[in-house]
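Remarks on the overall topology
So the chains spell out like this:
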Amino acid sequence: STIAASAMLLQFVVGLASLFYLPFIFSIVLLVIFLSATGLTLGIRKRIAHLLIAIFEWGSDVSESEEQVSESVGETREETAEEQPAPIRKRHSSSDLRIIKREHSELIDSKLLGQDVLKKKSTVSVLVDDSLDFISAGIESIIEDNVTSRFSAEQLPSWNLLSRTKYTFMHISPKLTILWILGFYFRYLILVPIRVCLFCVGMASMVFITSAVGYVPNKAVKKWLNRRAMLTSMRIFSRSFSSIVNFHDRHNRATQGGICVANHTSPMDVMILSCDNCYAMVGQKQGGILGFIQKSLSKAEHHIWFERSEAKDRMAVSNRMREHVEDPTKLPIIIFPEGTCINNTSVMMFKKGSFEISETIYPVAMKYDSRLGDAFWNSSKQSYGEYMWMMMTSWAITADVWYLPPMTRMEGEDSIAFARRVKKAIAKAGGLVDLEWDGALKREKVSNKLIALQQKLYFERLSTRTSMCSEITDDSIDILKNMSEDDRNQLFKCLDEADDDNAVIRKVSEFIPEVAALVTEAVKAEE
């Protein structure tokens, strides 16, 4: 009888909850759809975000006070008990705070870039000094480098009551534990059902409305309807993650044609940017559901989807993109030149491809606030489904977007220099660290091109900072210029790519006695 009564009571509670719960979820979904279609907001998300941040800061103060109390109690016990090693509590990692001061690494960078002030010295003294700095910089990189830490989520200064953290959850105080339990039920019983419904509605509206818009014969009406449909769908998508986006300098937005480039943190970057403007997508043709979505989008607006065989043909893809950019009636293309997701602390090397297509680039800087939820996608550790679920169970996704003024390639500026200049402007606007490293290092080894670049920079340093290299270089160049074309071709045939420096010098010296004499004189002068 007791079990039956308990079952009846539980059934009554579930029925009563469903009586109010389902209409509440449904009304919230309808309200969000209306606000997305009209482009309005009630400001509720921002108020909740401010409240949550205040709670996090209060929780940080509570945890610090609890630590101080436990430390004082521990000191009192140590006076009466035997001395025992104190437990080590990890607070930060190398990706959060610098564990060493990278003086020699910065010194090497300044030397390779020619920023150090140095008079000409003997080759031996320069090589000895630089070798010691290279060894010290190498040890610093082994302890903590500038690249690896950019591919892992940054640690927060205070706990945001999410179970996802770099370290296992440790009981700090009953107050924080109660807050975590309440937050857990609020996120999974209130936020997640609403977000799942909104995500499904956003996906359905984007696919079916754009498919219907594709049958509109009038191009002007078709373009206007597609813009309204895409903005509404993307705003519904953003609200399915409780996104809070602040757009700055909106007058710099690309309106017709052109290429927009932005730093890359998350697959949701496109969704965040598309809440304020419509863009043309660029990507490889897919099958299945993704292929169905691509076809639906292409019915309403022109997007660039290329075959797998075309992906290997860089020129064919570039030509299609150039044709799109030169047509002012088409949407601007959104591109992320880094080629991979970075943890929103820095901007890494931009690929030069998009900067070869157009003379004018529209830069966009994005910066996420990870206190309410980290938007960074570590694709080497998380699948796309795991990442999407993590975002849906977070508190919110907050971001700032800055539209920078259009940047045009200068006279005599190549695509690589243009890409670096745009990257530097994006890093400055978003408060990010400007790095020259390639984001492909996330999965690949250092390429031979990067190694050769470092070697070239150091050779240029030796040629300008030492007496031997400058004399040999200048005189050797004069000798090679005075050689006939047949002699130069015969010389290059003697050289092999596998030859080391000594082998190259020996072969050249045997072929050109004048170079051997220069080397001998330079060595005697050094001695």
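Thresholds applied
- Counting from 1, residues in each chain are numbered in the order their sequence is written.
- Predicted model: local features are reported for residues with pLDDT of at least 70 only, side-chain atom pairs are reported and counted for 80 or more only, and whole-chain, interface and lining totals are derived from all residues.
- By convention in this description, side-chain values take in all heavy atoms of the structure and omit both hydrogens and water.
- Numbering of helices and strands runs from the N terminus, with a helix taken as a DSSP run of H or I at least four residues long and a strand as a DSSP run of E at least two residues long.
- Per-residue accessibility, obtained with a 1.4 Å probe over protein chains only, is compared with the maximum for each type, and a residue is labelled buried under 20%, exposed over 50%, and partly exposed between these values.
- Any two residues having at least one pair of non-hydrogen atoms within 4.5 Å are treated as being in contact.
- Here the Shrake-Rupley method, with its probe set to 1.4 Å, supplies the accessible areas, and only the displayed protein chains count as covering residues.
- The nonpolar core is taken to be a set of buried Ala, Val, Leu, Ile, Met, Phe, Trp, Tyr and Cys residues, with the residues joined through side-chain atoms within 4.5 Å.
- UniProt positions are given in the numbering used here, feature names are shortened, and annotations may be inferred rather than shown by experiment.
- Helix axes are fitted to C-alpha atoms over the stretch in contact, other axes to C-alpha atoms as well, and angles between N-to-C directions run from 0 to 180 degrees.
- Between 65 and 115 degrees an angle is taken as roughly perpendicular, under 35 as roughly parallel, over 145 as roughly antiparallel, and anywhere else as oblique.
- Here the term charged refers only to Asp, Glu, Lys and Arg, the term nonpolar to Ala, Val, Leu, Ile, Met, Phe, Trp, Tyr, Cys and Pro, and the term polar to all other amino acids, Gly among them.
- Two rings from Phe, Tyr or Trp (for Trp, the six-membered ring) form a pair when their centres sit within 6.5 Å of each other. Planes less than 30 degrees apart are called stacked, planes more than 60 degrees apart edge-to-face, and all others tilted.
- Residues form patches when they are more than 30% accessible in relative terms and have no salt bridge. Like charges link within 9 Å. Nonpolar side chains (Val, Leu, Ile, Met, Phe, Trp, Tyr) link within 5 Å.
- Any carboxyl oxygen of Asp or Glu that lies within 4 Å of a side-chain nitrogen of Lys or Arg is treated as forming a salt bridge with it.
- The definition used for a disulfide is geometric: two cysteine sulfur atoms within 2.5 Å.
- At least two DSSP bridges between two strands are needed for those strands to be called paired.

1. So, the overall build of the chain
- A tally of helices and strands in the chain yields 18 helices and 10 strands.
- Relative to its 527 residues, the chain shows a buried fraction of 39%.
- Counting contacts in the chain only where the partners sit at least 6 residues apart, residues at least 24 apart contribute 78% of the total.
- Approximately 30900 Å² of the chain is accessible, and the part contributed by carbon and sulfur atoms is 61%.

2. Observations concerning the nonpolar core
- The biggest cluster of nonpolar side chains holds 63 residues, and the ones touching the most others in it are F241, L273, F355, Y387 and V422.
- For this core, the leading source of residues is strand 7 (residues 360–369), giving 6 residues.
- Excluding its chain neighbours within four sequence positions, the residues that come into contact with L273 are A262, Y279, I334, F336, V364, M366, V401 and Y403.
- The next biggest cluster of nonpolar side chains, apart from the first, holds 9 residues, and it includes L52, I53, I244 and A396.

3. Thoughts on unusual backbone geometry
- The phi dihedral of S242 is positive, around 55°, even though this residue is not glycine.
- Summarising the element assignment, S242 is placed in the loop between helix 6 (219–239) and strand 1 (243–248).
- Residues other than glycine seldom take positive phi values, yet N344 does so here, at roughly 65°.

4. Focus on the UniProt feature "transmembrane region" (unreviewed entry) in the chain
- Look at the UniProt record and you will see "transmembrane region" (unreviewed entry) annotated at residues 20–44, 167–186 and 192–216.
- Taken as a whole, residues 20–44 contains 80% helix and 0% strand, while its terminal C-alpha atoms sit 21 Å from one another.
- The distance separating the terminal C-alpha atoms of residues 192–216 is 36 Å; by composition the span is 88% helix and 0% strand.

5. Topic: the packing of helix 5 (residues 174–213) against helix 6
- As a packed pair, helix 5 and helix 6 sit with axes 8 Å apart at the nearest point and diverge in direction by 170°. Accordingly, the angle class assigned to the pair helix 5 and helix 6 is roughly antiparallel. Counted together, L198, F199, V201, G202, M203, S205, M206, I209, T210 and V213 of helix 5 and K222, L225, N226, A229, M230, S233, M234, I236, F237 and R239 of helix 6 form the full contact between these two elements.
- For the contact of helix 5 with helix 6, the per-class residue count stands at 13 nonpolar, 5 polar and 2 charged.

6. Things to note about the packing of aromatic side chains
- This structure, assessed with the given rule, holds 12 aromatic pairs.
- Both rings, one in F184 and one in Y185, keep their centres 5.8 Å apart while their planes meet at 85°; by these two values the pair is edge-to-face.
- Plain terms: the ring middles of W377 and Y387 are 5.9 Å apart, the flat faces sit at 40° to each other, and that makes the pair tilted. Residue W377 is found in the loop between strand 7 and helix 12 (384–392), and its partner Y387 is found in helix 12; the two are separated by 10 residues along the sequence.

7. Focus: a nonpolar patch on the surface
- A cluster of nonpolar side chains, L31, F34, L40, L42, I44 and I48, forms an exposed patch at the surface whose accessible area comes to about 550 Å².
- Of all the secondary structure elements, the ones that give two or more residues to the nonpolar patch are helix 1 (2–38) and helix 2 (44–80).
- In this fold, L31 is placed in helix 1.
- Judged by relative accessible area, L31 falls into the partly exposed class, the value being 36%.

8. Some details on the state of the cysteines
- Counted by the stated rule, this structure contains 0 disulfides.
- The thiol of C197 is not disulfide-bonded; the next cysteine sulfur, from C200, is found 6.8 Å away.
- On the basis of relative accessible area, C197 is assigned to the partly exposed category, the value being 34%.

9. Details of the environment of F292
- Looking at the secondary structure, you find F292 in helix 8 (residues 288–300).
- A relative accessible area of 46% means that F292 is categorised as partly exposed.
- The sequence separation of F292 and V207 amounts to 85 residues, and the corresponding C-alpha distance is 8.4 Å.

10. With respect to the environment of A254
- When you line up the elements, A254 lands in the loop between strand 1 and strand 2 (259–262).
- We classify A254 as buried; its relative accessible area is 3%.
- Here the alpha-carbon distance between A254 and P332, two residues 78 residues apart in the chain, equals 6.5 Å.
- With near-sequence residues (within four places) excluded, A254 lies in contact with C260, N277, P332 and Y362.

11. Things to note about the pairing of strand 8 (residues 397–403)
- Within strand 8, 5 of the 7 residues are buried, leaving the element largely enclosed by the surrounding structure.
- Inspection of the sheet shows strand 1 paired to strand 8 by 6 bridges, in the parallel sense. Residue S243 lies in a different strand from strand 8, and its bridge partner there is I397.
- With 6 bridges joining them, strand 7 and strand 8 adopt antiparallel strand pairing. Bridge pairing links Y368 to A399 in strand 8.

12. Describing the pattern of salt bridges
- Throughout the structure, instances matching the rule amount to 10 salt bridges.
- For E436, the salt bridge is made with R420, and the minimal N-O distance between the two is 3.5 Å. Taken together, the positions of E436 in the loop between strand 10 (433–434) and helix 14 (448–465) and R420 in helix 13 (residues 415–430) put the pair 16 residues apart, joining distant regions of the chain.
- By relative accessible area, E436 is classed as partly exposed at 42%.
- For R420, a relative accessible area of 42% translates into the label partly exposed.
- A salt bridge links K423 to E436; the shortest N-O distance between them is 3.6 Å. Of this pair, K423 sits in helix 13 while E436 sits in the loop between strand 10 and helix 14, and the two are 13 residues apart along the sequence.
- Owing to a relative accessible area of 1%, K423 belongs among the buried residues under this scheme.

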